[in-house]
Amino acid sequence: MVLSTIKNAIKYMVKKPYTRQVPRKDDKYRSENLRGAHILYMDRCTGCSMCQRVCPAACIDMVVVEGDWPRNHRKRFPRIDHSKCTFCALCVEYCPFNALSMTDATGFELFTTDKSRTLKMPQDLKPIGKETLTKQKLLSSYAPSYALKKFVETLEGSRKVSPNG
Amino acid sequence: MGDKGKLVQVYFGPQHPGAPGNIGYKLWLDGERIVRAEVIPGFLHRGFEKMMENRTWEMSITLSYRFCVEDPDPLEIAYALAVEDLFSAEIPENAKYIRMIQAEFSRIASHMFWIHFIGGSTGLRTPAYWAVTAREEILKWFGWYAGHRVYHNISVPGGVRYTLPEGFIERTLKVLDFVEKTVKDVEKALMRNSIFKARTIGMGKLSTKEALELGVTGPVLRATGMPYDIRKARPYLNYDKVNFEVPTGSAGDSYDRCRVRFQEIYQSIRIIRESLSKLDPSEPFRIKLPIVAPAGEGIARVETARGEYLVHIVSTRGRQPYRVRLRSTSMPLLTTVVNYIIENEEITIADFPVLLASLDPCAPDLDR
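What this report covers is the structure whose coordinates are included nearby.

Thresholds, definitions, all that
- Residues numbered from 1 in each chain as written.
- Chains lettered and ligands numbered in written order.
- Predicted model: local features only at pLDDT ≥ 70, side-chain atom pairs only at ≥ 80, totals over all residues.
- Helix = DSSP H or I, 4+ residues; strand = E, 2+ residues; numbered from the N terminus.
- Buried ≥ 20, exposed ≤ 12 C-beta atoms within 10 Å, placed from the backbone.
- Contact = placed C-beta atoms within 7 Å.
- Expected span 1.5 Å × (residues − 1).
- Pairing = 2+ DSSP bridges.
- Axes fitted to C-alpha atoms, helices over the stretch in contact; angles between N-to-C directions.
- Core = buried A, V, L, I, M, F, W, Y, C linked by C-beta atoms within 7 Å.
- Nonpolar A, V, L, I, M, F, W, Y, C, P; charged D, E, K, R; others polar.

**Some details on the overall build of chain A**
Working step 1: In terms of regular secondary structure, chain A is built from five helices and six strands.
Working step 2: The N-to-C order of helical and strand elements in chain A reads α-β-α-β-β-α-β-β-β-α-α.
Working step 3: Looking at the 165 residues of chain A, the share that counts as buried comes to 32%.
Working step 4: Here the analysis covers contacts within chain A between residues at least 6 apart in sequence; of these, 80% occur between residues at least 24 apart.

**Some words on helix α12 (residues 331-344) of chain B**
All names here are of chain B.
Working step 1: Under the 1.5 Å per step criterion, the end-to-end length of α12 is 20 Å for 14 residues, consistent within 8% with the ideal 20 Å.
Working step 2: Along α12, the residues classified as buried are P332, L333, L334, V337, V338, I341 and I342.
Working step 3: The inward-facing, buried residues of α12 contact β3 (33-40), α9 (219-222), α13 (351-359) and α14 (363-367).

**Quick word on the sheet that holds strand β2 (residues 60-64) of chain A**
All names here are of chain A.
Working step 1: Strand order in the open sheet formed by three strands is β2-β3-β5, and the pairing between neighbours is antiparallel. Strands with a single pairing partner mark the edges of an open sheet, and in this sheet they are β2 and β5 (119-120).
Working step 2: Of the pairings in the sheet, the one linking strand β3 (residues 76-81) to β5 comprises two bridges and is antiparallel in character. Bridge pairing links D81 to L119 in β5.

**A few points about helix α5 (residues 125-146) of chain B**
Working step 1: Taking 1.5 Å of rise per residue, the 22 residues of α5(B) would be expected to cover 32 Å, and the 30 Å separating its terminal C-alpha atoms lies within 8% of that figure.
Working step 2: Positive backbone phi, at 100°, marks G147(B), one or two positions downstream of α5(B).

**A closer look at the sheet that holds strand β1 (residues 38-40) of chain A**
Residue and element names in this part refer to chain A.
Working step 1: Spatially, three strands are ordered β1-β4-β6 in an open sheet, and the strand pairing comes out antiparallel. Sheet topology places β1 and β6 (131-133) at the edges, where each strand pairs with a single neighbour. Averaged over all pairs of adjacent strands, the angle between strand axes in this sheet comes to 55°, irrespective of strand direction.
Working step 2: Here β1 runs beside strand β4 (residues 100-103); their pairing, made up of three bridges, is antiparallel. For I39, the partnering residue across the bridge sits in β4 and is S101.

**Remarks on the nonpolar core**
Working step 1: Among the nonpolar cores identified, the biggest contains 105 residues, and A78(B), A82(B) and I138(B) are the most heavily contacted of them.
Working step 2: Top contributing element to this core by residue count: helix α4 (residues 93-122) of chain B, with 14 residues.
Working step 3: Ranked by size, the runner-up nonpolar core spans 27 residues in total, among them C45(A), C51(A), C55(A) and L133(A).

**Points about the interface of chain B and chain A**
The extent of an interface is frequently quoted as the accessible surface area lost upon association of the parts.
Working step 1: Contacts between chain B and chain A engage 33 residues on the former and 27 residues on the latter.
Working step 2: When residues in the side of chain B that touches chain A are grouped by element, the largest group, eight residues, is from α5(B).
Working step 3: When its residues are assigned to classes, the side of chain B that touches chain A shows 14 nonpolar, eleven polar and eight charged.

**Here's the deal with unusual backbone geometry**
Residue and element names in this part refer to chain A.
Working step 1: We note that A58 has phi near 50°; this positive angle belongs to a residue other than glycine.
Working step 2: With respect to the helices and strands, A58 occurs in the loop between α2 (50-54) and β2.
Working step 3: On the basis of neighbour counts, which here come to 12 C-beta atoms within 10 Å, the residue A58 falls in the exposed class.
Working step 4: A positive phi is found at N98, a non-glycine position, where the angle reads about 60°.
Working step 5: Tracing the backbone through its elements, the reader meets N98 in the loop between α3 (90-94) and β4.

**Things to note about the pairing of strand β6 (residues 293-304) of chain B**
All names here are of chain B.
Working step 1: When β6 meets strand β7 (residues 307-318), the two strands line up antiparallel, connected through eleven bridges. Across the sheet, V302 pairs through a bridge with Y309, a residue of β7.
Working step 2: The hairpin turn running from β6 into β7, its antiparallel successor, is two residues long.

Geometric values such as these leave the question of function open.
And the structure:
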């Protein structure tokens, strides 16, 4: 009989709709661990190209940004192509100087009809949402002694790079 | 059309709503009956095995799951397990339980999506939409825990990437309760429906011997009555430390396959509930593996929602694999099984989408 289907269908008919309209500007989907658009802290970046090397989608390349960068004498910073990026956060995890992190800006907030705008220059990698995923968060899954050692290494590494190289 | 004895050729897919993803069939029809089917693969070929040879161990994780949208997590876990086998590394207990939760949630989400697929094929879209709401809750859970809804990147060689966020157990139990309630409603509405029964009972039968000869694993094999499940036969992770049953069918027809999948959802919920109680937030979730792998081989076999999946890695010492081999679970389902059933049974063009849906193949898995 189809009665069982009808009986259950009536139960669901009186419930409020589950679906919601997208895209919508209010009530965006947010979570604490969301891996969205990147943030680049240009003052921390040394231009070591580690992010470029670990990127599985090869969406990062290093470009020169003119200016006074005491820690980055070659003035090389990562440029990220959002149309290729898979937002896997390997660049955040492997950055030795804690210069990259991710925000909760994702999905419809990043949509654009102009393909040239998906190529994010280092200066464009500014926080456009709340910072969610950082290197510390990813390190916390290791045993505390290893995570602490790695974090201290990162700090020492950043100190070692003096203005004179 | 209509000439006696003349076969009509029809193309079915890849754009057809009844086709299981990006795959096509060339069908030869005698009236309404399909007498021959030829699979047309290759619409989604990306060459993952070759791409993995040019990427380091940790980078290949992002490739390892991309050929099955419905059920990506066991593929990711299998790759991580194979790399750990190569390194002879033992991962923390917490990582094992988190991986089990991840894999079982993925299995439930995959079966939920399958309900929508078979519901659409049999004309019962109403209960199918309820199943999609339960899947949506699981995807939201993944978005909350791992940061992405579909491709999660939770398991990496060495363990899992994320620790337990605040309120992890409560939220997971809440999702499980919602899913369990919805599945019960869907099961009642779908499996007891006379139209659904008429379309599936006795259609697409396979015996255990035939299924084994055709290379079938997973729910399609278990529906024939054989309780073969890698999680029991060769336990990986901590599947030997939790209690669950392997549901089996008896007739091996489309209806039995559906019944087995519904039972599997309940068993997965049971596994997740038990795994949650064994997590210890004070222990680590991940170990650091060396950058350079030793020369040798790593093998992992896991039970995905569609059957047994295998990853075989060969390393000649270095940062990248020499060769990665991935065993597809859907290959026999879409090729030999479909042809065998069509040759031995009267399958009409209207039955064909229902037959494909009952096998639940994943077309990109075939192309890779």
